[in-house]
Amino acid sequence: MNIITTNNLTKKYTDLIAVDNVSFSVLKGEIFGFLGPNGAGKTTTIKMLTTLLNPSKGSAKILDFDIIKDRDNVRKNIGVVFQEPALDTELTGGENLDYHARMYAIGRDKRKERINAVLKLVDLEDKRDIIVKNYSGGMKRRLEIARGLMHYPNVLFLDEPTLGLDAQTRRAIWKYVKKMNKEEGTTIFLTTHYMDEADYLCDRVGIIDRGKILIIDTIENLKNSIGNDVITLTCSNINTLEKRLVNEKWIHNIKIHDSKLTLGVEKGDEKIPLIIEISQSEKIKIKSISVRKPTLDDVFLHFTGKTIRDHDNKNNVESQPRFRMRGGRK
Amino acid sequence: MKATEIQAIYVMWLRQMKRFIRSKSRLVSSIVQPLFFLFILGSGFRVAIFEGVGDYLSFLAPGIIAMAILFSSMFTGISVLWDKQFGFLQEVLVAPISRISIIIGRTLGGATVALIQGVIILLIALIMGVHISGTVGLIFTLFFMILIAFTAVGFGLVIASKMEDFQGFQLIMSLVIMPLLFLSSAFFPVTSNPTMKAIALFNPLFYMVDGLRGSLIVGVETVNSPLFNLVIVVIICIFMMSLGSYLFSKTET
């Protein structure tokens with residue numbers, strides 16, 4: 001069953017198209033991820049789906065509720081954890097949750113019970129009466145995730161849930177996300193530009209770049225689509241070698257990136273001698289060669305022609321007026 | 001109105017109250033600053049004789065109360081900017097409650113805080129020997145205090161909706177609010193100078209201060225009758241609140 005369906009969802013600003021005719025659907029109970037660099041349109045998509053922005057064109061439904069015509073019902077059925085922290089730092093953790101529950105019309109007894117349950121889920125039971133400004137970054141994030149769950153949402157949106165957090169906290173948050181997906185049956189829509197995060201958490205991933213979805217599939221299928229093994233090599237005359245190899249039938253795909261040649265193949269270890277043979281016949285000296293299982297990085301490189309780090313470096317230079325990031329979470 | 005909306009209004013109100021009580025520095029400065037004005041201006045100008053002004057302290061007290069309520073309520077309106085900056089506004093906007101409930105709750109919260117401050121200053125003025133009028137006058141005073149608070153929250157919302165940062169707020173304070181306050185007869189009568197008096201007629205703060213003074217103090221000369229001032233202030237208040245609510249409801253994050 002589809003829980004989110006979008007149909008040519010588009011958001012235009014005067015000088016750029018942030019989201020460009022995006023159509024996809026998310027199944028009930030799955031963890032679905034949008035993977036893409038900063039400025040790809042991930043946050044804009046979330047803001048449209050959560051009724052904070054009006055789409056310029058196209059439509060979307062959450063459950064059976066239209067995000068434009070039936071905002072109130074959409075709002076009742078979703079939980080959102082924004083990219084920027086959205087807590088009242090002058091209130092305690094417990095108060096933040098309590099006020100949230102009141103806005104979602106949860107009764108007094110239910111409120112208390114639920115606050116305890118979600119705090120337990122994110123291991124913050126003993127921090128309940130501490131004012132949020134004294135929380136660490138990771139604790140704030142956990143509290144926000146707990147708050148997103150307070151009102152039993154059918155879908156929880158997580159916008160870059162572990163941005164700017166240390167490795168240990170990230171692991172912990174991943175654990176909580178998995179746990180609530182399993183224990184509460186919450187469908188999760190998350191965005192990330194971390195490959196490992198998408199790899200670890202998501203059942204299905206959509207790769208998004210410059211407002212367009214390039215492909216949507218399970219992680220398994222995405223990795224298989226570029227070959228079972230990836231061979232990376234450096235050599236003396238890389239362009240000549242690429243031209244020589246590009247028409248070989250046993251190579252699924254081939255790309256030069258960062259003065260490395262990357263090949264997607266089956267049974268990579270058997271192909272290494274073959275490659276060495278070919279390059280020797282072309283008088284090309286191979287400096288290094290390795291074979292490994294494909295990662296999401298390779299998938300991303302395959303579909304966008306760049307690694308996500310290139311994107312981020314480029315985007316840091318270009319200004320991105322709509323996507324401001326706040327201090328402390330960079 | 002649905003129960004959920006009332007709950008939402010209550011949450012917004014409660015939040016303002018909690019924040020006010022916890023912010024010790026705001027609590028202190030919002031009461032101490034007006035008191036400085038009251039003591040220093042009060043004792044400094046007491047020797048000067050303004051035409052048509054009896055006891056200067058009794059003249060000044062309503063002006064200071066109006067000022068305290070004005071600043072405090074404007075702060076509440078403008079603090080929407082904080083919520084925008086710190087992201088909390090998104091959390092509120094994505095909840096299944098109407099924008100109007102958010103505004104009502106916030107306004108009531110801001111007005112409550114401002115009234116508490118106003119009453120504290122009133123009590124201190126009373127101790128200092130200001131002559132205040134009877135029950136009817138006090139009821140009128142309360143009306144004026146509430147109206148000033150609502151208007152100022154509305155004005156704060158207008159600024160918050162139109163501005164991205166706090167530099168603009170500083171500019172508005174020093175270029176708009178302070179001159180209007182000085183020309184409102186809060187600190188000295190404007191009637192002695194014809195130009196000032198003419199300007200005062202276009203100054204919303206003038207009607208607020210004049211009305212508050214007329215209702216609160218016994219035996220003071222005001223330009224307009226409290227009732228006339230009240231009508232004008234109600235109109236200004238409705239206009240400001242509507243404009244503020246309208247602009248806020250258009251807010252996208």
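Values in this document were obtained by computation on a predicted structure and should not be read as measured data.

> So what's going on with the overall build of chain B? Which residues, and what values?
Regarding its fold elements, chain B presents 10 helices and zero strands. Listed by position from the N terminus, the elements making up chain B come as α-α-α-α-α-α-α-α-α-α. Over its C-alpha atoms chain B spans a radius of gyration of 18 Å, differing by no more than 12% from the 18 Å that the globule rule assigns to 253 residues. If one aligns the C-alpha atoms of chain B with their principal axes, the spans along those axes are about 55 × 35 × 35 Å. Nonlocal contacts in chain B, meaning residues at least 24 apart in sequence, comprise 78% of its contacts between residues at least 6 apart. If you sum the accessible surface of chain B, you get close to 10,900 Å²; carbon and sulfur atoms cover 74% of it.

> Any details on the interface of chain A and chain B? Residues and values, ideally.
Listed by partner, the interface residues are 32 residues for chain A and 26 residues for chain B. Buried surface at the junction of chain A and chain B, both sides included, amounts to about 2,800 Å², of which 52% is carbon and sulfur. A per-residue breakdown of the area chain A buries against chain B is headed by A:Tyr99, A:Arg102 and A:Met103, which together make up 25% of the total. At the boundary of chain A with chain B, the tally comes to five salt bridges. Close ionic contact of A:Glu95 with B:Lys18 constitutes a salt bridge, the shortest N to O distance being 3.0 Å. Summed over the shared surface of chain A and chain B, the number is nine residue pairs in polar contact (both at pLDDT 80 or more). For the side of chain A that touches chain B, the secondary structure elements donating two or more residues are α2 (71-77), β6 (78-81) and α3 (93-103) of chain A. Looking at the side of chain A that touches chain B residue by residue, the classes come out as 14 nonpolar, five polar and 13 charged.

> Quick rundown of α3(A)? Include the residues and the values.
Along α3(A), 11 of the 11 residues are buried, which leaves the element largely enclosed by surrounding structure. When α3(A) is considered as a whole, its buried residues turn out to be A:Gly93, A:Gly94, A:Glu95, A:Asn96, A:Leu97, A:Asp98, A:Tyr99, A:His100, A:Ala101, A:Arg102 and A:Met103. Of the surrounding elements, those touching the buried residues of α3(A) are α4 (108-121) and α5 (137-149) of chain A together with α1 (3-22) and α4 (88-93) of chain B. Following α3(A) by one or two positions, A:Ala105 has its phi on the positive side, about 60°.

> Give a detailed account of the pattern of salt bridges, specifying residues and quantitative values.
All names here are of chain B. All told, the structure shown has 24 salt bridges over all chains when counted by the stated rule. The residue Asp 83 makes a salt bridge to Arg 106 at a minimum N-O spacing of 3.1 Å. Separated by 23 residues along the polypeptide, Asp 83 in helix α3 (residues 56-85) and Arg 106 in helix α5 (residues 99-127) bring together distant segments of the chain. Looking at Asp 83, the relative accessible area reads 5%, which means it is buried.

> Could you give me a rundown of the packing of aromatic side chains, with the residues and numbers involved?
A complete count under the given rule lists 15 aromatic pairs over all chains for this structure. An angle of 55° between the planes, with centres 6.0 Å apart, marks the rings of A:Phe32 and A:Phe34 as tilted. For the pair A:Phe32 and A:Phe34, a shared accessibility class is recorded, and that class is buried. Considering the side-chain rings of B:Tyr10 and B:Trp13, the 6.2 Å spacing of their centres and the 25° angle between planes classify their relative orientation as stacked. Here B:Trp13 and B:Tyr10 lie together in helix α1, a separation of three residues that amounts to about one turn. Overall, B:Tyr10 belongs to the partly exposed group, its relative accessible area being 34%. Feature note: the residues A:Phe24, A:Phe32, A:Phe34, A:Phe157 and A:Phe189 constitute an aromatic cluster, connected by ring pairs. Residue placement shows A:Arg114 over the ring face of A:Tyr152; its charged tip is 3.9 Å from the ring centre.

> Help me get a handle on the environment of B:Met178, residues and values and all.
All names here are of chain B. In this fold, Met 178 is placed in helix α7 (residues 167-182). Residue classification places Met 178 among the partly exposed residues on the basis of a relative accessible area of 24%. In the structure, Met 178 is positioned 114 residues away from Ile 64 in sequence and 13 Å away in space, judged by C-alpha atoms. The residues touching Met 178, leaving out its near neighbours within four places in the chain, are Phe 71 and Met 173.

Reading the values: rules and limits
- Numbering of residues begins from 1 in every chain and follows the order in which that chain's sequence is written.
- To read the labels, note that chains go from A and ligands from 1, taken in the order they are written.
- Only residues with pLDDT of at least 70 are given local features in this predicted model, and only at 80 or more are side-chain atom pairs given and counted; all residues enter the totals for whole chains, interfaces and linings.
- Just so you know, side-chain values use all the structure's heavy atoms and leave hydrogens and water out.
- The helix count covers DSSP runs of H or I at least four residues long, the strand count covers runs of E at least two residues long, and both are numbered beginning at the N terminus.
- Here the globule rule is a power law, 2.2 Å times the number of residues to the power 0.38, and the radius of gyration is based on C-alpha atoms.
- Two residues form a contact once any of their heavy atoms are found within 4.5 Å.
- For every accessible area listed, the method is Shrake-Rupley and the probe measures 1.4 Å; residues are considered covered only by the protein chains on display.
- By buried area we mean how much accessible surface two parts lose on assembly, using a 1.4 Å probe and totalling the loss over both.
- The term salt bridge refers to a pairing of a side-chain nitrogen on Lys or Arg with a carboxyl oxygen on Asp or Glu at a separation within 4 Å.
- We define a polar contact as two N or O atoms separated by no more than 3.5 Å, with the added condition that, inside protein, one atom must be a possible hydrogen donor and the other a possible acceptor, whereas residues neighbouring each other in sequence contribute only through side-chain atom pairs.
- Residues are grouped as follows: Ala, Val, Leu, Ile, Met, Phe, Trp, Tyr, Cys and Pro are nonpolar; Asp, Glu, Lys and Arg are charged; every other residue, Gly included, is polar.
- Between buried and exposed lies partly exposed: a residue is buried under 20% and exposed over 50% of the maximum accessible area for its type, with that area taken using a 1.4 Å probe on protein chains only.
- In this analysis, rings of Phe, Tyr and Trp, with Trp reduced to its six-membered ring, are considered paired at centre separations within 6.5 Å, and the interplanar angle assigns stacked below 30 degrees, edge-to-face beyond 60, and tilted for intermediate values.
- Geometrically, a charge over a ring is one whose NZ (Lys) or CZ (Arg) sits within 6 Å of the ring centre while staying within 35 degrees of the ring normal.

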